[in-house]
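# Structural description and commentary
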Amino acid sequence: MYETKYHKASSVSEAVSLMGAADDGKLLSGGQTLLPTMKAHLAAPSDLVDVSGIAEMNGISVNDDIVTIGAATTHAEVAGNAALQKACAGVADLAANIGDPAVRHLGTIGGSIANNDPAADYPAALLALGATIKTNAREITADDFFVGLFETALNDDEVIVSISFEAPAKACYAKFPNPASRYALAGVFAALTTAGARVAVAGAGDDGVYRHADMEAALDGNWSADAILGVSVGADGMLSDMHGDAAYRANLVKVMAGRAVAGC
Amino acid sequence: MTEVSMTVNGKPVKADVPDNTLLVQFIRENLRLTGTHVGCDTSQCGACVVHLNGKAVKSCATLAVAANGADVTTIEGLANGEMHPMQTAFKENHGLQCGFCTPGMIMTATDMVARYDANGKELTEAAIREELEGNICRCTGYHNIVKAIADGASKMASS
Ligand code: FES
Ligand code: FES
């Protein structure tokens, strides 16, 4: 790993000013993606601003059906939170299957969505739930937040503070993990929200996480795995690589969508 | 350089380290506790697992400076005059061959037993296999590791 300067921020405003003062700063939360990336010399930030200890970025609350998850909340905390299990078990179960136990003890929801890896799980959940991402500067809807592969609407030095969404009537995630890396070859989060059925796909699209309009239309008013059977999922726009070609991924998307809907 | 201080295996330690020092480097090179291993460069093998404030983490994917003030337990901190029940279980069940993965396996195992205990959940064979997702062994084929962890869990419960 190249040299870097480490700073521990104790508040969101301190993190923002540390980032502003840095040449080429990066926010560090659990570090489960960033540190391996730095070890591989694929990133070399001049400064690391650790946000993991900031109180207002930690914890989970459920108030009047509104779930709020602090950006620095770990996957293990999300997976094990009793109030969240009740309000939206789909998200807790998703978190319980990210990486491995040691990674879940450090990796955070904010880090995952800020990185927006196309094979990450959380972006699909947030998009399907119509979540709102709150930063130090503004609120961004998930529809606007996820822009493309590893790309988000975040500005330089913008810090995600929390994520919130309305508890859905139903929500479930199904993924087909790559047998070696365990990252999603295709993952589908299906949710029945007050705005209707919403379906988001991770791991498969060549432009990152996306919503599947035809599946959403099919599920509106007919929430069943059978409704998915009638939807055709084309290979256009699917990732194609050594792990699976576009047609295979298209098929997986449909199968995972069926499993997600059947699962809740 | 930043001064870090933490408690490792119950003893306070302190050192000046470059900010890019990994926790595993600090443990192995500064503290000379070489029971914690490095088996990969990609956070996949789990040979480096230690407990950070009571939770299993990969010390190759954690900065030493970020562990400032923390309480760390390594494989060397488990035995207390005699072997920890999980270590005994690995020995009795032939849960290791070359032993390279073993420190990480045992730190992962004691963490999973503690978590399942705290949540009142049963640590079934299937659960043990799931929980070993982040630990790779190139020798044993895992069956005896799984047996050792189940045995270690019951030894821990009765000790
Ligand atoms: S050395 Fe840490 S996971 Fe392999
Ligand atoms: S015993 Fe040799 S790697 Fe596990």
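Residues numbered from 1 in each chain as written. Chains lettered and ligands numbered in written order. Predicted model: local features only at pLDDT ≥ 70, side-chain atom pairs only at ≥ 80, totals over all residues. Heavy atoms only, no water.

## Quick look at the sheet that holds strand 5 (residues 66-70) of chain A
All names here are of chain A. Pairing is antiparallel across the open sheet formed by five strands, whose spatial order is 4-5-10-6-7. The sheet is open, and its two edges are formed by strand 4 (60-63) and strand 7 (139-141), each paired on a single side. Taken over all neighbouring pairs, the strand axes of this sheet differ in orientation by 20 degrees on average, direction set aside. As judged from the three bridges shared by strand 6 (residues 132-135) and strand 7, these two strands associate in the antiparallel manner. When the bridges of strand 7 are listed, Ile 133 appears paired with Ile 140. (Pairing = 2+ DSSP bridges. Helix = DSSP H or I, 4+ residues; strand = E, 2+ residues; numbered from the N terminus. Axes fitted to C-alpha atoms, helices over the stretch in contact; angles between N-to-C directions.)

## Quick look at the packing of aromatic side chains
For the coordinates displayed, the defined rule picks out two aromatic pairs over all chains. With 5.0 Å between their ring centres and 85 degrees between their planes, Phe145(A) and Phe146(A) make a pair best called edge-to-face. Side by side, Phe145(A) and Phe146(A) carry an identical accessibility label, which is buried. Above the face of the Tyr116(B) ring, Lys121(B) is positioned so that its terminal group lies 4.8 Å from the ring centre. (Phe/Tyr/Trp six-rings, centres within 6.5 Å; stacked < 30°, edge-to-face > 60°. Buried < 20%, exposed > 50% of the residue type's maximum accessible area, 1.4 Å probe, protein only. Lys NZ or Arg CZ within 6 Å of the ring centre and 35° of its normal.)

## Details of the layout of surface pockets
Roughly 570 Å³ of internal volume is contained in the second largest pocket. What lines the second largest pocket is a set of 34 residues, and nearest its centre among them are Lys8(A), Ser52(A), Leu106(A), Leu52(B) and Ala66(B). Elements with a minimum of two residues in the lining of the second largest pocket: strand 1 (5-8) and helix 5 (101-106) of chain A together with strand 1 (2-8) and strand 4 (55-58) of chain B. Looking at which element gives the most residues to the lining of the second largest pocket, the answer is strand 1 of chain B, with three residues. Looking at the lining of the second largest pocket, its residues break down into 14 nonpolar, 15 polar and five charged. (1 Å grid on protein atoms, 1.4 Å probe; cavity = no way out; pocket = protein on both sides within 12 Å on 5 of 7 lines; lining within 4 Å. Points joined across faces, edges and corners; volume = space filled by probe spheres on them. Nonpolar A, V, L, I, M, F, W, Y, C, P; charged D, E, K, R; others polar.)

## Points about the nonpolar core
Among the nonpolar cores identified, the biggest contains 54 residues, and Leu84(A), Val91(A), Leu126(A) and Phe189(A) are the most heavily contacted of them. Listed in part, the 31 residues of the second largest apolar core include Leu48(A), Val17(B), Phe26(B) and Cys48(B). (Core = buried A, V, L, I, M, F, W, Y, C linked by side-chain atoms within 4.5 Å.)

## Notes on the environment of Thr73(A)
All names here are of chain A. Mapping Thr 73 onto the fold places it in the loop between strand 5 and helix 3 (75-80). Residues Thr 73 and Phe 189, 116 residues apart in the sequence, show an inter-C-alpha distance of 20 Å. Among the polar contacts listed, one links the side chain of Thr 73 to the backbone nitrogen of Gly 59, at a separation of 3.0 Å. At a separation of 2.7 Å, a polar atom in the side chain of Thr 73 contacts the main-chain carbonyl oxygen of Gly 70. (Polar contact = N/O pair within 3.5 Å; in protein donor to acceptor, adjacent residues only side chain to side chain.)

## Points about empty space enclosed by the protein
A probe as big as a water molecule, rolled over the atoms, marks out the empty space that is left. Inspection of the entire model under this criterion finds one cavity of 30 Å³ or more. Lining the largest cavity are Asp100(A), Pro101(A), Ala102(A), Val49(B), Ala56(B), Lys58(B), Thr108(B), Asp111(B), Arg115(B), Glu131(B), Gly134(B) and Asn135(B). Those elements that place two or more of their residues in the lining of the largest cavity are helix 5 of chain A together with strand 4 and helix 3 (102-118) of chain B. The leading source of residues in the lining of the largest cavity is helix 3 of chain B, at three residues. Looking at the lining of the largest cavity residue by residue, the class counts come to four nonpolar, three polar and five charged.

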